[in-house]
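Next come the chains, spelled out residue by residue.
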Amino acid sequence: MTTSDPGERGDLLDPLCPTRRLLDRIGTKWTSMAVKVLAEAAPDEVRFAELRRRVPGISQKMLSVTLQGLVRDGLVERRVEPTVPPAVHYRLTGLGLSLEGPLSVLRVWAETHMAEIDRNNRLADGSAAR
C-alpha cells in the first residue's frame, strides 16, 4: 500500500512509498555528516563555509544540494544575512535534532563493525579472484 496521508505508514518495499523516498534522502553519507556537524553546534548556527570545512571531501555543490533538501524537509533552518557577500547560516530544527539520535546509532554501528565488514570484503574479493 502506497500512501501519502500524514501519519499513515506505507510499504517500504514499494518504490513509490513516501517513507522510502525519505530514507533515500536522509540515508546519504553527506546528510549524516551535515546533521552531525549541526547537532554538535546546536542550538547555535553554523555558516556554510564552516560546514564545508568540517565535512571533508564534500563539494560546495553537494553541500548546497544536501542542505537544500534538509531545509525543504524541515530538518534544517536557513538564515541569510544581507551582507556582501551574503552570510548564510544553518541550524537543526527540533525535527532535525530528533534525527541525530538514529543517525548516531547507525554511525556507532558502522564504526563498531567496520573491521569485520572490511575483512568480509577482502575474503569475498579473494574468492572472486580465484
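Our subject is the structure that appears above.
What you see is a predicted model, and the numbers here were worked out from it, not measured in a lab.

**Thoughts on helix H4 (residues 60-72)**
Between the first and last C-alpha of H4 there are 18 Å, a value that for 13 residues agrees with the 18 Å anticipated at 1.5 Å per step. Those residues of H4 not exposed but buried are Leu63, Thr66, Leu67 and Leu70. All buried residues of H4 fall inside an arc of 95° around its axis, so they share one side. Seen from the open side of H4, the exposed residues pointing more than 90 degrees away from its buried face are Lys61, Gln68 and Arg72. Downstream of H4 by one or two residues, Gly74 has phi in the positive range, about 80°.

**Considerations on the sheet that holds strand E3 (residues 87-92)**
In any sheet, the strands associate via hydrogen bonds between backbone groups, in a parallel or an antiparallel arrangement. Pairing within the open sheet is antiparallel, and its 3 strands lie in the order E1-E3-E2. Looking at which strands have only one partner, the edges of the open sheet turn out to be strand E1 (46-47) and strand E2 (76-81). Of the pairings in the sheet, the one linking E2 to E3 comprises 6 bridges and is antiparallel in character. In the strand pairing of E3, Arg79 is matched with His89. On top of the sheet, helix H2 (residues 29-41) reaches E1, E2 and E3; it is set at about 85° to E3, its chief contact.

**Some thoughts on the side chain of Ser32**
Following the sequence through the fold, Ser32 ends up in helix H2. According to the relative accessible area criterion, Ser32 is buried, its value standing at 11%. Within the local environment of Ser32, its side chain forms a polar contact with the side chain of Arg107, the two groups lying 3.1 Å apart. Apart from residues lying up to four places away in sequence, Ser32 is in contact with Leu103 and Arg107.

**Re the packing of H2 against H4**
Between two packed helices, the angle of one axis relative to the other and the distance separating the axes together describe the packing. It is the contact of H2 with H4, at a shortest axis distance of 10 Å, that shows an interaxial angle of 75°. Relative to H4, H2 is oriented roughly perpendicular. Here Trp30, Thr31, Ala34, Val35 and Leu38 of H2 lie close against H4, whose contacting residues are Met62, Thr66, Leu67 and Leu70. In terms of residue class, the contact of H2 with H4 is made up of 7 nonpolar, 2 polar and no charged.

**With respect to the nonpolar core**
Of all hydrophobic cores here, the largest spans 23 residues; its most connected members are Leu38, Leu51, Leu67, Leu70, Val76 and Tyr90. Counting residues per element, the ones that place at least two in this core are H2, helix H3 (48-54), H4, E3 and helix H5 (94-129). For this core, the element with the most residues is H2, which contributes 7 residues. Once you skip the residues sitting within four places of it in the chain, Leu51 turns out to touch Ala34, Val37, Leu38, Val46, Leu63, Leu67 and Tyr90.

**Some details on unusual backbone geometry**
Backbone geometry follows two general trends: most residues other than glycine have a negative phi, and most peptide bonds adopt the trans configuration. Between Ala42 and Pro43 the backbone carries a cis peptide bond, its omega angle lying at 5°. Positionally, Pro43 belongs in the loop between H2 and E1. Put simply, Val84 and Pro85 share a cis peptide bond, and its omega is -10°. Looking at the element boundaries, Pro85 is found in the loop between E2 and E3.

Scoring rules and cut-offs
All residue numbers here refer to positions counted from 1 along the written sequence of the relevant chain. Residues qualify for local features only when their pLDDT is at least 70, as the model is predicted, and side-chain atom pairs are given and counted only at 80 or more; totals for whole chains, interfaces and linings, by contrast, use all residues. With hydrogens and water excluded, all non-hydrogen atoms of the structure serve as input to the side-chain values. By definition, any uninterrupted DSSP run of H or I lasting at least four residues is a helix, any uninterrupted run of E lasting at least two residues is a strand, and each is numbered from the N terminus. Each helix should span, by expectation, one fewer than its residue count multiplied by 1.5 Å. Whether a residue is buried, partly exposed or exposed follows from its accessible area with a 1.4 Å probe, protein chains only, as a fraction of its type maximum: under 20%, in between, or over 50%, in that order. This arc corresponds to the set of directions leading from the helix axis out to the C-beta atoms. Any two strands are treated as partners once DSSP identifies two or more bridges connecting them. Contacts are assigned to residue pairs with any non-hydrogen atoms lying within 4.5 Å of each other. All axes here are fitted lines through C-alpha atoms, helices being fitted over the stretch that makes contact, and every angle between N-to-C directions spans 0 to 180 degrees. Polar contact criterion, stated in full: a pair of N or O atoms within 3.5 Å, where within protein one must be able to donate a hydrogen and the other to accept it, and residues adjacent in sequence count only if both atoms are side-chain atoms. Angle categories: roughly parallel below 35 degrees, roughly antiparallel above 145, roughly perpendicular from 65 to 115, and oblique for all the rest. Note that Gly is not counted as nonpolar here; it falls among the polar residues with everything else outside the nonpolar set of Ala, Val, Leu, Ile, Met, Phe, Trp, Tyr, Cys and Pro and the charged set of Asp, Glu, Lys and Arg. Only buried Ala, Val, Leu, Ile, Met, Phe, Trp, Tyr and Cys residues count toward a nonpolar core, and they belong to the same one when joined by side-chain atoms within 4.5 Å.

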